[in-house]
Amino acid sequence: MSYSVCDHREEVRLDALYQLSLLDTSPSESFDRITRMASQIFGLPVAAVSLTDRDRQWFKSRVGIDHWSIPRDTAPCAQVATTTQPLVIEDFQTDPYYADSVLGRAGTRFYAGAPLVTRDGHGLGALCVLGMEPRRASPAELAALVDLAAMVMAQIELQHAFGRIDPVSGLPTRSQFHDDLIDLARDRPGEPRLAVVVDLARDDQISRIARAMGGARVDEMIRESSRALRNALGSARPAYHVGAAQFAFLSPPGVEHAAYQQELRAGFAAIRASSSVRFVTNVAIGLRPFTLGDVSADDVLRGAASAAQDARSIDGAIALYSPSNDIAHRRQYALLRDFGAALDAGDQLRLEYQPRIELTTGRCIGAEALLRWRHPRLGEVSPGEFIPIIEQTSLARPTTQWVLDAAMSQLADWSHKGRDIAVSVNISAANFSEDDLIERIQLGLLKRGLRSDRLEIELTESAIMAQPDRALAMLHELAAAGICLAIDDFGTGHSSLAYLQRLPARVVKIDQAFIRNLTGAAGPDFVLVETMIGLAHKLGFRVVAEGIETAEAAAVLTRLGCEEAQGFWFARPMEPAPFVQWITDRQQQGQLSSRAA
Ligand code: C2E
Ligand code: MG
Ligand code: MG
């Protein structure tokens, strides 16, 4: 038999049905209540929302029926689906076609069905009622059945739109982008295109705006930006809402990269000029060239988003996809994704302790606790790599809490064993916004019976300068609680003298960048360090130099009156047991050498 127009129409109809992903899904009250109404209106015990699959009628909703499906062959609902017309069978026994059908043989005498029709005119099946006695359907009953069938369709469309249209922007979502890209690749395989991702702001900027001005304000900004974008693109090319504050669209076919980049830049400048939204002044745009059919929708979007991330750090805020940057972003993303699990794992995180040496006596008077992460797949990851990533997320709080708990427990353990060591802990700028931070520290100390002056908190100068007022308030609270404070990475954060003077910190730690090449010769580093130490002393700070790698640097710093030092020349960061062993060895050596002297 040849393939007929009829067969083609049926294939298209089935395709429409399958696209809705309704078959074999669970029953749902939103459909059942319509089915119950149909049964009540007719005063009949059996009613169903019946969908016409290739060879079965499958019931999305049913009243008075035990099974989920019946064969499609000679089912009246199949006729309703293919004709998209209502059907009434007043008496199966007198109907030449249906008398011998599955339903007819099972004793059904009456049937009324109204078609379930999509907007495109495809019949999916029927809303039907069945009776065991012959009967008529009044025009009013039939009209009600048709109305109820329309309600079933509205429900189907609602469920289908859910997750495909973003409720805030009204734009199609990431999953719609995914489906549309598959369709486009089928229509135009091999065609080169550019995917564009427009990133309105970083996630942490969004949450900051939400905190400061409320979530409704963020929604409003998203709406205004999406409207501007939709207007700029016109109706032929859709914009998609693919992330919290991220939109995507495709270039028209056949554009040249550089020219299109120029066009986008001009377009966004125009949007920016006409918009009241402060937001869109922060946009970053990423472009990802790809070939339709060669790359998955997820890869296209991720690549363009990775380019948008690059765009944040360059002028003009527009960047073309770079595979090597993408690898870096992917690693950052993986680290961020896995760090939450690391906090719970119990065996991935640990602290190492780097001794702090009093330069005049050579004694170890404390240690800095430094976080270490052994990733199950990637191995050791440096805090220099993962801290800046997690600091920008909500993980900053549990991370600092983990470090504080581990350090305080270690302090308590040493204190029980009669070792008097002070420990300093690094905290992030993000921790400033935690109202209960100081309370949590105090509680932790109290619980373990520790003196508050055994714990020192280190904050980098640049973290302090990023929120100077907030930092000052928090540092005063910490100082009032008797906790020592150190300004870390001193010399890199552009703080003013006037501001430094107001800080209730006791210690500044000169950044290792100034110490690394320090020699006795009066080079530029020497002059800088000499000036810094002098200044810090005048302001009443105790000075710690970080990153001492040579005996010469240690000697110079001692000469310049620097109180303490930390660096590989003395010791690398160590786990607790080797750290204690190191102190013991050093004490013994000290006794030996003083005896020898
Ligand atoms: P930082 O607080 O300035 O810590 C000093 C860093 O210098 C440590 O690197 C230490 O191992 C390294 N270091 C010490 N002496 C020398 C030396 O002589 N030469 C050289 N080249 N390096 C030396 P680490 O452990 O890799 O930590 C890097 C940064 O990560 C830290 O800088 C700190 O900003 C951050 N960090 C580490 N642990 C934590 C933590 O628990 N919480 C937070 N918020 N940040 C942390
Ligand atoms: Mg530090
Ligand atoms: Mg430092």
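Residues numbered from 1 in each chain as written. Chains lettered and ligands numbered in written order. Predicted model: local features only at pLDDT ≥ 70, side-chain atom pairs only at ≥ 80, totals over all residues. Heavy atoms only, no water.

The next point concerns the overall build of the protein. When helices and strands are tallied, the protein shows 21 helices and 20 strands. In summary, the protein has a C-alpha radius of gyration of 36 Å against a globular reference of 25 Å for 597 residues, an excess of more than 25%. Summarising its shape, the C-alpha atoms of the protein cover approximately 125 × 60 × 45 Å along the three principal directions. By the burial criterion, 47% of the 597 residues in the protein qualify as buried. (Helix = DSSP H or I, 4+ residues; strand = E, 2+ residues; numbered from the N terminus. Rg over C-alpha atoms; globule rule 2.2 N^0.38 Å. Buried < 20%, exposed > 50% of the residue type's maximum accessible area, 1.4 Å probe, protein only.)

Remark: helix 13 (residues 396-416) packs on helix 14 (residues 437-447), axes separated minimally by 10 Å, with the N-to-C direction vectors making an angle of 25°. By the criterion of interaxial angle, the relationship of helix 13 to helix 14 is roughly parallel. When the axes of helix 13 and helix 14 are compared, the crossing they make is right-handed. Every residue of helix 14 that contacts helix 13 at Arg 397, Gln 401, Leu 404 and Met 408 is listed here: Leu 437, Arg 440, Ile 441, Gly 444 and Leu 445. (Axes fitted to C-alpha atoms, helices over the stretch in contact; angles between N-to-C directions. Parallel < 35°, antiparallel > 145°, perpendicular 65-115°, else oblique. Left-handed = near helix turned anticlockwise from the far one by under 90°. Contact = heavy atoms within 4.5 Å.)

This next bit is on the coordination of the magnesium ion (ligand 3). The magnesium ion (ligand 3) binds to the protein through Asp 488 (OD), Asp 489 (OD) and Glu 546 (OE), with metal-donor distances spanning 2.0 to 2.4 Å. For the magnesium ion (ligand 3), the single-chain donor residues occur in sequence as D-D-x56-E. Separating the magnesium ion (ligand 3) from the magnesium ion (ligand 2) is a distance of 4.2 Å, and Asp 488 supplies a donor atom to each of them. Linking Asp 489 in strand 17 (residues 484-490) with Glu 546 in strand 19 (residues 542-546), this pair joins segments that are 57 residues apart in sequence. (Donors = N, O, S within 2.8 Å, 3.2 Å for Na, K, Ca; no water.)

Next up on the list: the UniProt feature "domain: EAL" (unreviewed entry) in the protein. Those places that UniProt annotates as "domain: EAL" (unreviewed entry) correspond, in this numbering, to residues 332-587. A distance of 43 Å separates the end C-alpha atoms of residues 332-587, which is 46% helix and 21% strand. (UniProt positions renumbered as here; feature names shortened; annotations may be inferred.)

As a matter of local geometry, ligand 1 sits amid 22 residues, with Arg 372, Asp 488, Gln 512, Glu 549 and Phe 568 nearest to it. Burial of ligand 1 by the surrounding chains reaches 84%, relative to a free accessible area of 800 Å². Going through the elements one at a time, strand 13 (364-375), helix 12 (383-390) and strand 17 are the ones with two or more residues in the shell around ligand 1. Its residues placed into classes, the shell around ligand 1 shows nine nonpolar, six polar and seven charged. (Near = heavy atom within 4 Å. Areas by Shrake-Rupley, 256 points an atom, 1.4 Å probe, with all protein chains shown as cover. Nonpolar A, V, L, I, M, F, W, Y, C, P; charged D, E, K, R; others polar.)

It is worth spelling out the sheet that holds strand 11 (residues 318-320) at this point. Read across the sheet, five strands follow the order 8-9-7-10-11 without closing on themselves; strand pairing throughout is mixed. Of all the strands in the sheet, just strand 8 (240-243) and strand 11 have a single pairing partner and so form its edges. Across the sheet, the axes of successive neighbouring strands diverge by a mean angle of 30°, strand direction being ignored. Where strand 7 (residues 192-199) lies against strand 9 (residues 246-250), five bridges are found, and the strand directions are antiparallel. What sits directly across from Val 198, in strand 9, is Phe 247. Strands in contact with helix 8 (residues 215-233) are strand 8 and strand 9; relative to strand 9, the strand with the most contacts, it is inclined by about 10°. (Pairing = 2+ DSSP bridges.)

At this site the magnesium ion (ligand 2) is bound by Glu 368 (OE), Asn 426 (OD1), Glu 458 (OE) and Asp 488 (OD), with donor distances of 2.0 to 2.2 Å. Counting residues between consecutive donors of the magnesium ion (ligand 2) along the chain gives the motif E-x57-N-x31-E-x29-D. Classification of Glu 368 as buried rests on a relative accessible area of 3%. For Asn 426, a relative accessible area of 28% corresponds to the partly exposed category.

Let's shift gears to the environment of Phe 568. Mapped onto the secondary structure, Phe 568 falls in the loop between strand 20 (564-566) and helix 21 (576-596). By relative accessible area, which is 40% here, Phe 568 ends up partly exposed. Note: C-alpha distance between Phe 568 and Thr 94 (474 residues apart in sequence) is 100 Å. Residues in contact with Phe 568, not counting those within four places in the same chain, are Gln 354, Ile 548, Glu 549 and Pro 573.

Now for the domain arrangement of the protein. Its domain assignment divides the protein into domain 1 (5-159), domain 2 (174-321) and domain 3 (333-596). Relative to domain 2, the C-alpha centre of domain 1 lies at a distance of 44 Å. (Domains from an automatic or database assignment.)

Moving on, we come to the packing of aromatic side chains. In this description, an aromatic ring pair is defined by two values, namely the gap between the centres and the angle between the planes. Taken as a whole and judged by the stated rule, the model has 11 aromatic pairs. Judged by centre distance (4.7 Å) and plane angle (85°), the ring pair of Tyr 97 and Tyr 98 falls under edge-to-face. Relative accessible area serves as the criterion here: at 3%, Tyr 98 is assigned to the buried category. Taking 5.1 Å as the distance between ring centres and 70° as the angle between the ring planes, the aromatic pair formed by Tyr 353 and Trp 414 counts as edge-to-face. You can see Tyr 353 sitting in strand 12 (residues 349-358) and its partner Trp 414 sitting in helix 13, a full 61 residues away along the chain. Looking at Tyr 353, the relative accessible area reads 2%, which means it is buried. Three or more aromatic residues joined by ring pairs make a cluster, and in this case those are Phe 92, Tyr 97 and Tyr 98. In this structure, Arg 62 is placed above the aromatic ring of Trp 68, and the distance from its NZ or CZ to the ring centre is 3.5 Å. Positioned above the aromatic ring of Phe 110, the side-chain terminus of Arg 135 is 5.3 Å from the ring centre. (Phe/Tyr/Trp six-rings, centres within 6.5 Å; stacked < 30°, edge-to-face > 60°. Lys NZ or Arg CZ within 6 Å of the ring centre and 35° of its normal.)

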